[in-house]
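Summary of structural features
Residues per chain, in single letters:
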Amino acid sequence: MTISTARITPSGKPSRLRALGWVLSDAGTIARRDLAHWRRKPGAVVTNALVFPIMIVLMFGYLLGGAMTVPGGGSYREFLLPGMFAMTMVFGIGATMVAVGSDAARGITDRFRSMPVSSSAVVLGRACADMLESTVALAVLLGCGLAIGWHPRNGLADAAAAVGLLLLLRFAFLWIGVYLGLLCYGNPEAVTAVRTLEFPIGFLANPFVAIATMPAWLGAIAAWNPLSSTTTAARELFGNPTGNDHTWIAEHAILMAVVWPLVLIAIFLPLSVHRFRRLSS
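Note that residues are indexed from 1 along each chain, following the sequence as it is written. Only residues with pLDDT of at least 70 are given local features in this predicted model, and only at 80 or more are side-chain atom pairs given and counted; all residues enter the totals for whole chains, interfaces and linings. Derived side-chain values reflect all non-hydrogen atoms in the structure, with water molecules and hydrogen atoms excluded from consideration.

Quick look at the overall build of the protein chain
As a reminder, the rule being used: Strands here are runs of E lasting at least two residues and helices are runs of H or I lasting at least four, both read from the DSSP assignment and numbered beginning at the N terminus. Accessibility here uses a 1.4 Å probe with only protein chains present; expressed as a share of the type maximum, an area under 20% marks a residue as buried, one over 50% as exposed, and anything in between as partly exposed. Whether two residues are in contact is decided by their heavy atoms: any pair within 4.5 Å suffices. Residue burial considers only the protein chains on display, and all accessible areas are found by Shrake-Rupley using a 1.4 Å probe.
When you go through the protein chain residue by residue, the secondary structure sums to 12 helices and 0 strands. Across the 281 residues of the protein chain, 48% fall into the buried class. Relative to all contacts within the protein chain whose residues are 6 or more apart in sequence, the contacts with residues 24 or more apart total 82%. Taken as a whole, the protein chain presents about 13200 Å² of accessible surface, with 67% of it coming from carbon and sulfur.

Quick notes on the nonpolar core
To be explicit about the condition: Within this scheme, the nonpolar core is defined by two criteria: the residues are buried Ala, Val, Leu, Ile, Met, Phe, Trp, Tyr or Cys, and they are joined through side-chain atoms within 4.5 Å.
Counting residues in each nonpolar core, the largest one holds 63 residues, and the members touching the most others are F85, L166, W175, F208 and F238. Contributing elements (two or more residues each) for this core: α2 (42–64), α3 (76–90), α4 (92–105), α6 (119–147), α7 (156–184), α8 (188–203), α10 (226–238) and α12 (253–277). In terms of residue count, the dominant contributor to this core is α7 (16 residues). Ignoring anything within four residues of it in the chain, the contact list for L166 reads P82, F85, A86, M89, L138, T230, A234 and F238. In this structure, I211, A222, I249 and M256 belong to the second largest nonpolar core, which totals 6 residues.

Concerning α8
Operational definition: Under the convention used throughout, the expected extent of a helix is 1.5 Å for every residue step, that is, one less than its residue count. What the arc describes is the spread of directions from the helix axis to the C-beta atoms.
For α8, which comprises 16 residues, the first-to-last C-alpha distance of 24 Å matches the rise-based estimate of 22 Å (1.5 Å per residue) to within 8%. What α8 keeps buried is the set A190, V194, E198 and G202. The arc enclosing the buried residues of α8, seen along the axis, measures out at 115°, which places them on a common side. In α8, the exposed residues that point more than 90 degrees away from the buried face are P188 and E189. Taken together, the buried residues of α8 touch α3, α4, α7 and α10.

A word on the packing of α10 against α12
Rules: Here, axes are lines fitted to C-alpha atoms. For helices the fit covers the stretch in contact, and angles between N-to-C directions go from 0 to 180 degrees. Geometric relationships in this document are graded by angle, where less than 35 degrees denotes roughly parallel, more than 145 denotes roughly antiparallel, 65 to 115 denotes roughly perpendicular, and other angles denote oblique. By definition, any crossing whose near helix is turned counterclockwise from its far helix by less than a right angle is left-handed, and any crossing with a clockwise turn is right-handed.
Where α10 contacts α12, the axes come no closer than 8 Å and their chain directions differ by 135°. The orientation of α10 with respect to α12, classified from their angle, is oblique. α10 and α12 meet at a crossing whose hand is left-handed. Residues P226, S229, T230, T232, A233, E236 and L237 of α10 form the contact with α12, whose own contacting residues are A253, I254, M256, A257 and W260.

A word on the packing of aromatic side chains
The test is simple: Within 6.5 Å between ring centres, the rings of Phe, Tyr and Trp (the latter by its six-membered ring) count as paired, and their orientation is classed by plane angle as stacked under 30 degrees, edge-to-face over 60, tilted in between. Only Lys NZ and Arg CZ are tested; either one counts as a charge over a ring when it is within 6 Å of the ring centre and within 35 degrees of the ring normal.
Counted under the stated rule, the structure contains 11 aromatic pairs. With a centroid separation of 5.0 Å and an interplanar angle of 85°, the aromatic rings of W150 and F238 are classed as edge-to-face. With a gap of 88 residues between them, W150 in the loop between α6 and α7 and F238 in helix α10 connect regions that are remote in the sequence. Judged on exposure class, the residue W150 and its partner F238 are both buried. Judged by centre distance (4.9 Å) and plane angle (20°), the rings of F203 and F208 are stacked. We classify F203 as partly exposed; its relative accessible area is 41%. Through a chain of ring-to-ring contacts, the aromatic side chains of F91, F199, F203 and F208 assemble into a single cluster. We note R235 situated over the ring of F79; from NZ or CZ to the ring centre the distance is 3.6 Å.

A short note on the environment of G243
Within the secondary structure, G243 is located in the loop between α10 and α11 (248–251). Take G243: its relative accessible area is 1%, and that puts it in the buried class. Separated by 172 residues in sequence, G243 and P71 have C-alpha atoms that sit 4.9 Å apart. Those residues in contact with G243 that sit more than four places away from it in its chain are V70, P71, F79, A210 and A212.

Quick look at the side chain of R275
Residue position: R275 is located in helix α12. Filtering out sequence-adjacent residues up to four positions away, R275 remains in contact with Y179, L182 and L183.

Following this line, the structure appears as structure tokens:
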């Protein structure tokens, strides 16, 4: 791995533009290093990113789908698939946390800190690698959905916007995983707890069932889950059934599918960089 070492201009201080170029170049180098793990451990990538989501789609779409009804009408399979796309984006938290924590526990992160490389570049490189993996997983799930009869109904532009919102959600939750990985490395119990909490986050929302079918108190909690906003927005943009939810947040789902991730990024990206800088503190 090569990190550029020429860090100053003739005046002794890097220009902002040049500094940004160094950050992006170093982030690309670190991302390539993280992606090299795909070649070394392809089984883990395939299982975590591809097999599990496809199994869930097939199980709910075929085994349980016949018993499900969608408030307001429509195919349950078309209701389900956008929820599964969004849920897969959230379930990347644990994988990111484990990867970041493993690097920190093995001393790899300390080696990065001893090199002339920006703290932002290290965490950004991890984010880029995870985003590429998530994009591949989402593409596979989209293909799986098409194969079992799901279709976007509103045209290519709206479908592309839906995919963009799904990846934005992944980008936001990715920073939660990075921060928790740096915070809890070396603590297997914490890692297990976070991976376990992925399920309540995913299920206490609307990927599988419409909020309109939930008790009022539970529906209120599920409606304000960021996952629910992205799921509803994706359903709207794909032209799939939305579940007849008339709450304020559901009627502004596309707006909230942008707001929620931006809030999470604004909180956890700086926390991740700060934690990286103070890793040995």
